[in-house]
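# Observations on chain architecture
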Amino acid sequence: MEVRGLERLICEHPVFAGMALEHCDLVGGCAKNVRFDKGAYLFREGEPADEFFLIRHGRVALEITAPGRGALRFSTVNAGEFVGESWLVAPYRWIFDAQALELTRALSIDARCLREKCEGDHDLGYEMMKRFMAMLVQRLQAAQLQMLDVYGNSA
Amino acid sequence: MTAARHSVLTRDGVQALLDALHRRGCRVLGPTVCDRAIVYDDIASLADLPRGWTDEQAGGRYRLLPRDDGALFGYAVGPHSWKKFLHAPAQLLWHAEHTPTGASIVPEPPAAERLAFVGVRACELHAIAIQDRVLLGGAYADPHYRARREGAFIAAVHCAEPGGTCFCASMNAGPKVAGGYDLALTEIVGAGEHRFVVDVGSEEGGAVLAELPRRAATPADLAAADAVVANAAARMGRAIPAAEEVPALLRRNLDHPRWDDVAGRCLTCGNCTMVCPTCFCTTVEDVASLDGAASEHVQRWDSCFTTDFSYLHGGSVRASPRARYRQWMTHKLSTWWEQFGTSGCVGCGRCVTWCPVGIDITEEVAAIRASDAAVRESGR
Amino acid sequence: MVPVVAQVRTRRRETRDTWTLAIDAGGLKFRPGQFNMLYAFGIGEIPVSISGDPGMPGPLIHTVRAVGDVSQAVTRLKPGDALGLRGPFGTAWPLAESRGSDIVVIAGGLGLAPLRPAIYRLIAERDRYGRIAVLYGTRSPQDILFRRELEGWRRRLDVAIEVTVDHADPNWHGHVGVVTKLIGSAAFDPDHTVAFLCGPEIMMRFTAAALEAAGVAAERIHLSLERNMKCAIGQCGHCQFGPTLLCRDGAVLSYDRVSRLLTVREL
């Protein structure tokens, strides 16, 4: 039985910190609680990106598999962050695997539900865009630095 | 001069068969008891055959038990299959020399020895036909396999005693033989008599039969032979129902949780691939002289269960036991169809019997079927 | 099937770990995308893509990266040295079937080597195709393969050549970024385009998906895949990739056939 409403969990999650209660309500309407045991996959490369996850407790690894090299882990995501960006842009397909590194509890947000609500309520849409844009820019900049392979020997 | 289509031999007739094959210069191979199992090896006389023995087989279990009727072929199949003679476990492919004055690569000529197999079961005839397609049916035929195969004389035997792990009926591979043999024998033993109804399958089979002491088969003989086969078909130890649906079933269940389950049991020991009559995978090795001037390029049996079978770019593509078991089972029952146009499995049950932990391919199919992706609700 | 004794005619270093050998094997004909098994005496065989022009007579050109015992031995061979050669094997880039279409060639790293024969033929028969674009990505400017040739093709006015690297120092004035970034600015009509891809498997997965997202049909995207190979004649089982034997059904396969297989881990 839910002790707190989902919209309160949404408002309390760092990804949506400071968001108006009515927007938390709207997002909460697309949300549900999920949990992943250690080693379970949140999603796999190629699957439809139908949802994204606000991590409440636990840790998730992002990986891509290459034949002969196994799974290449290129990022980890902690509690208070979100997992999944492919739901934002067509063709809405996951391009990597996400695996729970420990018992992980998250809020799963139905992507189609949220996209439709954003289409219908542009204030909500703009709020989502501002928040995700800031987080994605941060991730992009971090990824660029990571890519420079600054620790490697020069060629 | 050839004999009529169906004849009857006594035990002496079977000895005469072995003698006739020896006279033709064949290396005569057949079942014999060794190390408490019935294997295939050189045989010269009836005394070499496992007379009065039967086998008890289950998952991870094989025992020989005595039987009191003196049957010569009263057992199913053992750990050997005829592939050990046709598709050699070690085969020199070429001899190379490389010196400052020149280089040469000389192919090893195919063996001249002529083989005769006595006691080939229906599942084994199918297995040989399956390997024929792999090793002879492509753009490049294997010359060593071809030489041994084309000369081989095959005296088949109908199973009277199917094994506890047999499911040839499910795979349309037995117990009735359906071509590919020179002679086919059905042993009828009991009530004080011991005879073999013989069916001729080729010209040479007829010519050999003509040299043996025999009489013509009566309708009663033929009915008795049919009854033996029907009886065997009804006593299969295992089954894969609707086997024709299995290729597609496995194709859509490559991520089924059952693969994790079997991975927890599978030792990746590769026994199944060694005993399977259709497994054909090989690797090659170069063995060079100390000065490097001469070397031999040797082909050896390999198994997809080894960690470096799929080695690529510094690691293995199939590193986990889960992936390796899935590869073997999906190849055997599914992708073999796309690759070679037939199933890879003849339902002989050897992989079940000789698995140290008793993994049963028919049970794995049933488990995957029980929660097939097509009917499973999607979701995590 | 036994190798013929062949001889190295020329040897040339391409990058820090890659060499190109011209091997005289007595006038074998091949189609772009095919490979030979090269045998280093006493050590073993490896599959190597033929990287030369099928229309040119003379020794067969092979580009080899030294990563293991056999490839290291092969890349150390000098002009006049002997080796064994079996082939050619495998499927070819479907050039004839693509006549009249726009062509996009996308190569990553050493993947440019199996594509080079196709590029030679496309240019030799320029009139038969629409627009042609070659997009090449590699790790750094020092790792650019066939650089002089790329520059030569670029000087033509009827073929688009774009090169990008993952990272570079300021001496490099070209693109920096993943090769899929080049797709957006390449000129091709998705409805009438055929694409040929070769490179690391991850790169091919993302590039094929990007092309599909841009409107190119999966059956018109072709990839050259790689797996462990021993016999090259469909009898040893090592090169299996799901239902295909890469030595016989590949290495060139169309994306509609393999897109799902590529996402199955450890297939």
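Anything mentioned here points back to the structure above.
Right, let's walk through the structure included here. Keep in mind the model is a prediction, meaning the values are calculated, not measured.

## A closer look at the nonpolar core
Core analysis: the biggest nonpolar cluster contains 104 residues, and Phe117, Trp328 and Met329 of chain B have the highest contact counts within it. The next biggest cluster of nonpolar side chains, apart from the first, holds 42 residues, and it includes Leu9, Phe52, Leu107 and Phe132 of chain A.

## Digging into the interface of chain C and chain A
Of the residues lining the interface, nine residues belong to chain C; the matching set on chain A comes to 12 residues. Surface buried jointly by chain C and chain A totals about 1100 Å² across both partners, of which 63% is contributed by carbon and sulfur atoms. Among the residues of chain C in contact with chain A, Arg205, Phe206 and Arg265 of chain C are the three that bury the most area, contributing 45% of the side total. On the surface where chain C and chain A come into contact, there are one salt bridge. We note a salt bridge from glutamate 45 of chain A to arginine 205 of chain C, for which the minimum N-O separation is 2.6 Å.

## A look at a nonpolar patch on the surface
A grouping of Leu145, Leu148, Val150 and Tyr151 of chain A is seen on the molecular surface, where their side chains present a nonpolar patch of about 510 Å² in accessible area. Along the chain, leucine 145 of chain A falls in helix 4 (residues 122–147).

## Overview of the state of the cysteines
Residues and elements named next belong to chain A. Scanning all chains against the criterion turns up two disulfides over all chains. Put simply, cysteine 11 and cysteine 24 are joined by a disulfide, and their sulfur atoms are 2.1 Å apart. Taking the sign of the torsion about the S-S bond as the criterion, the disulfide between cysteine 11 and cysteine 24, at about 95°, is right-handed. Pair noted here: cysteine 11 is in helix 1 (residues 6–12) and cysteine 24 is in helix 2 (residues 21–28), with a separation of 13 residues, a long-range link. According to the relative accessible area criterion, cysteine 11 is partly exposed, its value standing at 22%. Classification of cysteine 24 by relative accessible area gives buried; the value is 0%. In this model cysteine 30 forms its disulfide with cysteine 113; the gap between the sulfur atoms is 1.9 Å. One disulfide, between cysteine 30 and cysteine 113, carries an S-S torsion of -70° and so falls in the left-handed class. Pair noted here: cysteine 30 is in the loop between helix 2 and strand 1 (31–36) and cysteine 113 is in helix 3 (residues 111–120), with a separation of 83 residues, a long-range link. The class of cysteine 30 is buried, set by a relative accessible area of 6%. Assigning the bonded cysteines of chain A consecutive numbers by sequence position, one obtains the connectivity 1-2, 3-4. This cysteine, cysteine 118, is not joined by any disulfide, and cysteine 30 carries the nearest cysteine sulfur, 8.4 Å off.

## Some details on the sheet that holds strand 12 (residues 221–224) of chain C
Residue and element names in this part refer to chain C. Strands sit in the order 10-9-8-7-11-12-15 across an open sheet of seven strands; the sheet is mixed. Where the open sheet ends on each side, the last strands, each with one partner, are strand 10 (175–176) and strand 15 (252–254). Note that strand 8 (residues 132–138) and strand 9 (residues 160–165) share six bridges and pair parallel. In the strand pairing of strand 9, threonine 138 is matched with valine 165. Against the sheet, helix 2 (residues 112–124) touches strand 7 (102–108), strand 8 and strand 11 (193–198), its axis set at about 155° to strand 7. Across the sheet, helix 4 (residues 201–213) lies against strand 7, strand 11 and strand 12, angled at about 165° from strand 11, the strand it touches most.

Calculation notes
- Residues numbered from 1 in each chain as written.
- Chains lettered and ligands numbered in written order.
- Predicted model: local features only at pLDDT ≥ 70, side-chain atom pairs only at ≥ 80, totals over all residues.
- Heavy atoms only, no water.
- Core = buried A, V, L, I, M, F, W, Y, C linked by side-chain atoms within 4.5 Å.
- Buried < 20%, exposed > 50% of the residue type's maximum accessible area, 1.4 Å probe, protein only.
- Contact = heavy atoms within 4.5 Å.
- Buried area = accessible area lost by both parts, 1.4 Å probe.
- Salt bridge = Lys/Arg side-chain N within 4 Å of Asp/Glu carboxyl O.
- Patch = residues over 30% accessible without salt bridge, like charges linked within 9 Å, V, L, I, M, F, W, Y side chains within 5 Å.
- Areas by Shrake-Rupley, 256 points an atom, 1.4 Å probe, with all protein chains shown as cover.
- Helix = DSSP H or I, 4+ residues; strand = E, 2+ residues; numbered from the N terminus.
- Disulfide = S-S within 2.5 Å.
- Pairing = 2+ DSSP bridges.
- Axes fitted to C-alpha atoms, helices over the stretch in contact; angles between N-to-C directions.

Keep in mind that these numbers describe shape and distance, not what the molecule does.
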